[in-house]
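# Architecture at a glance
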Amino acid sequence: MTDPTALAERLAEVQERIAQSAVRSGRSADELTLIVITKFHPVELVRDLIDLGVRDFGENRHQEARQKAAELAADPTTPDDLRWHFVGQLQTKKARQVREYASVIHSVDRPELADALGRRTSDRGSVEDDTRTDVFLQIDLDERSSADPSRGGVAPADLAALTERIVASESLRLLGPMAVAPLGMEPIRAFMRLRELAEQIRAVSPSSRFISAGMSGDFETAIEVGATHLRVGTAITGSRPALP
Ligand SMILES: *Cc1c(COP(=O)(O)O)cnc(C)c1O
């Protein structure tokens with residue numbers, strides 16, 4: 001069980017640190033979206049955070065995310081402005097299902113996934129829905145060739161092609177790049193590199209002006225370097241329980 005008072009204090013502290021970083025970097029806190037990553041935590045924690053005013057939640061596993069989203073959607077007391085952000089590795093065959101509950105998908109890292117998310121017709125050819133899906137393009141900033149491919153992310157060398165693929169889809173809206181600072185790389189260096197890559201994306205797609213970066217250990221650095229969407233878990237939720 002999480003202690004609601006401790007949760008409220010940790011949330012307030014992170015919000016305060018975000019506000020101060022924004023001031024230090026000459027940015028407005030209004031341009032920053034705090035997404036609380038609730039992965040592995042029970043849906044009760046999400047409810048407690050809703051009571052504290054949080055509306056943006058992030059999850060990295062489809063089964064778990066779908067379950068929480070469905071439970072809250074079925075509860076008439078849930079506010080109707082919740083937004084689920086999918087931040088994990090996503091199998092192409094699950095793309096359509098994730099699109100049903102997620103407002104933003106942060107982990108588009110290959111052409112097949114972009115195509116699957118953008119597809120709006122069923123196998124029989126009927127149009128399923130005509131809403132656009134907001135996506136971030138995940139980039140792997142790890143320069144070591146031994147980097148773990150299971151973590152996801154497109155190599156910077158393949159960024160241009162994937163950007164064009166997403167931009168060409170009428171049913172996707174590219175918000176910008178997403179990345180995790182690799183282990184062993186200074187976050188400032190990782191996020192400076194990400195900003196350069198964000199500029200490459202904007203040269204092709206001027207409306208893609210957002211950057212998803214910054215976690216519990218490095219969100220202040222990410223804000224200084226231009227992040228707009230912060231994905232903060234443990235600094236707010238406390239340590240994660242073991243896999244459910
Ligand atoms: C878990 C996770 C986070 C949050 O990590 P914390 O260190 O708990 O803040 C952010 N982004 C992604 C992609 C994650 O999987």
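Going by what an unreviewed UniProt entry lists, the protein is known as Pyridoxal phosphate homeostasis protein and is assigned to Naasia lichenicola. In UniProt, the protein has this text filed under Function (unreviewed entry): "Pyridoxal 5'-phosphate (PLP)-binding protein, which is involved in PLP homeostasis." Its UniProt record gives the protein a comment under Sequence similarities (unreviewed entry), which states: "Belongs to the pyridoxal phosphate-binding protein YggS/PROSC family."

### Some details on the UniProt feature "modified residue: N6-(pyridoxal phosphate)lysine" (unreviewed entry) in the protein
UniProt annotation of "modified residue: N6-(pyridoxal phosphate)lysine" (unreviewed entry) refers to Lys 39 when read in the numbering used here. Structurally, Lys 39 is set in the loop between strand 1 (33-37) and helix 2 (43-51). Setting aside anything within four residues of it in sequence, one finds Lys 39 in contact with Gly 58, Glu 59, Asn 60, Glu 64, Lys 68 and Arg 240.

### A short note on the side chain of Glu 59
With respect to the helices, strands and loops of the structure, Glu 59 is situated in strand 2 (residues 56-59). Residue contacts for Glu 59: discarding those within four places in its chain leaves Thr 38, Lys 39, Glu 64, Ala 65, Lys 68, Trp 84, His 85, Phe 86, Val 87 and Gly 88.

Thresholds, definitions, all that
- Residues numbered from 1 in each chain as written.
- Predicted model: local features only at pLDDT ≥ 70, side-chain atom pairs only at ≥ 80, totals over all residues.
- Heavy atoms only, no water.
- UniProt positions renumbered as here; feature names shortened; annotations may be inferred.
- Helix = DSSP H or I, 4+ residues; strand = E, 2+ residues; numbered from the N terminus.
- Contact = heavy atoms within 4.5 Å.

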